[in-house]
Amino acid sequence: ILTLESGRPPRFADRYRVVTTLDTAGIAHVYLAWDDRMERWVSLKILSTKWVRDARVRSRFKNESETLRHVEHHNVLEVYASSHDDPFAPYVVTEVAEGGTVDAWLEERGPMEPYLAIHVMAMLCSGLDAAHLAGVEHAELGVEHLLINRHGVIKLKGFRGSASFGGSVSAYNDTADATEIFYTLLSGRRFEAGQAAETLTRLGPVLAP
């Protein structure tokens, strides 16, 4: 969507100076950008031209950002701005999570030590609790939805579940997904029922306290 010109970062929406590409997977392109107006680094997520004419995808893209706006918590990715009126480039601007995803962290470094896994889970559960109290369900929670900022703080993204905004939602699915994430953090692999007993036996004495 955006091409870097020699010696001069392109501007988007007349305020965001795009510096580099962070991600091109999924339905959107994600860029690291400098917000001229607020004078801070941001993550600029622009819906891919491949999907701009797909009403279902556009609706999903919009709902995710609107849902995030209703959950204000230090373990939930903060949305700074968004625009969904442009027929060619709807976008969302969020805080930057410089450490990437927990999924990528595990792929590079392997299983976490129990104390670190517990620390990550405490932040994950804190963010989920805030979302549920706000009437928002994540519904597709996985390690790829856990971002890490420069201070090592976990930030939840990718909310696609039901939202009653102030009402009540079922926490069952998110709780089950969080349990599987805990297993993944400790084992370095996706949850498989047949392997769970071995992992619990190995880590049980460490986790019990």
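Whatever comes next refers back to the structure up there.
The structure presented is a predicted model; accordingly, all values stated were derived computationally and were not measured.

> Would you take a moment to explain the pairing of strand β3 (residues 28-35) for this structure?
For a regular strand, the rule is simple: side chains alternate between the two faces of the sheet. In terms of burial, β3 is a largely internal element, seven of the eight residues being buried. Pairing analysis gives six bridges linking strand β2 (residues 16-23) to β3, with the strands arranged antiparallel. By the bridge assignment for β3, Asp23 is matched with Val30. Linking two consecutive strands that pair antiparallel, namely β2 and β3, is a turn of four residues; a positive phi of about 75° is found at Gly26 within it. Judged from the eight bridges that link them, β3 and strand β4 (residues 40-47) form a sheet pairing that is antiparallel.

> Explain the packing of aromatic side chains to me, please; I cannot follow it from the model alone.
In this description, a pair of aromatic rings is defined by centroid distance and the angle of the planes. In total, this model carries four aromatic pairs according to the counting rule given. Note on Tyr16 and Tyr91: the rings are 6.3 Å apart at their centroids and 70° apart in plane angle, and the pair reads as edge-to-face. Of the two residues, Tyr16 is situated in strand β2 and Tyr91 in strand β6 (residues 91-94); the sequence distance between them amounts to 75 residues. Assigned by exposure class, Tyr16 and Tyr91 land together as buried. A connected cluster of aromatic rings, assembled from ring pairs, spans Phe12, Tyr16 and Tyr91.

> Where do I start with helix α1 (residues 55-69) in this structure?
An α-helical segment advances 3.6 residues per turn. Residues three or four places apart therefore align on the same side. An ideal rise of 1.5 Å per residue puts 21 Å on 15 residues; α1 measures up with 21 Å between its terminal C-alpha atoms. Along α1, the residues that are buried comprise Val57, Phe61, Glu64, Ser65, Thr67 and Leu68. For α1, the angular spread of buried residues about the axis comes to 160°, placing them on one side. Exposed and facing more than 90 degrees away from the buried side of α1 are Ala55 and Arg56. Looking at the buried side of α1, the elements it contacts are β3, β4, β5 (79-83), β6 and β8 (154-156). The N-capping residue of α1, defined by a side-chain oxygen 3.0 Å from the backbone nitrogen of Arg56, is Asp54.

> How should the side chain of Glu64 be read in this particular structure?
With respect to the helices, strands and loops of the structure, Glu64 is situated in helix α1. Under the relative-accessibility criterion, Glu64 is labelled buried at 10%.

> When you look at the packing of helix α4 (residues 172-187) against helix α5 (residues 193-207) in this model, what are you seeing that I'm missing?
Geometrically, a packed helix pair is captured by the angle between its two axes and the distance between the axes. Following both chains from N to C, one finds α4 and α5 inclined at 75°, their axes separated by 11 Å at the closest point. Judged by the inter-axis angle, α4 sits roughly perpendicular to α5. Taken together, the residues of α5 that come into contact with α4 (itself represented by Phe182, Tyr183, Leu186 and Ser187) are Gln195, Ala196, Thr199, Arg202, Leu203 and Leu207. A class-by-class count of the residues in the contact of α4 with α5 yields six nonpolar, three polar and one charged.

> Would you take a moment to explain α4 for this structure?
If you check α4, its first and last C-alpha atoms are 23 Å apart, about what 16 residues at 1.5 Å a residue would give, namely 22 Å. When α4 is considered as a whole, its buried residues turn out to be Asp174, Ala178, Ile181, Tyr183, Thr184, Leu185, Leu186 and Ser187. Buried-residue contacts for α4 involve α2 (102-109), α3 (114-133), β7 (146-148) and α5. In the segment just after α4, Gly188 is the residue with positive phi, at about 80°.

> Sorry, what's going on with the nonpolar core here?
Nonpolar side chains tend toward joint burial in soluble globular proteins. Val102, Leu124, Leu141, Leu146, Ile181 and Leu185 are the most contacted members of the largest nonpolar core, which totals 36 residues. Looking at this core, the elements that each hand over two or more residues are α1, α2, α3, β7, β8 and α4. Residue contributions to this core peak at eight residues, all from α3. In this structure Val102 touches Met112, Val143, Leu146, Ile148, Ile154 and Leu185, once residues within four positions along its chain are discounted. Val18, Tyr31, Ala81 and Val93 belong to the second-largest nonpolar core, a separate cluster that totals 12 residues.

Rules of the game
- Position labels on residues start from 1 in each chain and follow its written sequence.
- In view of the model being predicted, local features appear only for residues whose pLDDT reaches at least 70, and side-chain atom pairs are presented and counted only at 80 or more, with totals across whole chains, interfaces and linings using the full set of residues.
- Based on all heavy atoms of the structure, the side-chain values leave hydrogens and waters out of the count.
- To sort residues, take the accessible area from a 1.4 Å probe on protein chains only and compare it with the maximum for the residue type: under 20% means buried, over 50% means exposed, and anything in between is partly exposed.
- Numbering goes from the N terminus for both helices and strands, where a helix is a DSSP run of H or I of at least four residues and a strand is a run of E of at least two.
- Two strands form a pair only when DSSP identifies at least two bridges running between them.
- Stacked, tilted and edge-to-face pairs are distinguished by plane angle, under 30 degrees for stacked and over 60 for edge-to-face with tilted covering the rest, among Phe, Tyr and Trp rings (Trp via its six-membered ring) whose centres lie within 6.5 Å.
- Expected span of a helix: the number of residues minus one, times 1.5 Å.
- Here, the arc refers to the directions that run from the helix axis to the C-beta atoms.
- Any pair of residues with heavy atoms lying within 4.5 Å of one another is described as a contacting pair.
- Here a polar contact is taken to be a pair of N or O atoms separated by no more than 3.5 Å, where protein atoms must pair a possible hydrogen donor with a possible acceptor and residues adjacent in sequence count only if both atoms sit in side chains.
- To define axes, lines are fitted to C-alpha atoms, for helices over the stretch in contact only, and angles between the resulting N-to-C directions are given on a 0 to 180 degree scale.
- Here the word oblique covers every angle except those under 35 degrees (roughly parallel), over 145 (roughly antiparallel) and from 65 to 115 (roughly perpendicular).
- Think of it as three bins: nonpolar holds Ala, Val, Leu, Ile, Met, Phe, Trp, Tyr, Cys and Pro, charged holds Asp, Glu, Lys and Arg, and polar takes everything else, Gly as well.
- To define a nonpolar core, start from buried Ala, Val, Leu, Ile, Met, Phe, Trp, Tyr and Cys residues and group those joined through side-chain atoms within 4.5 Å.

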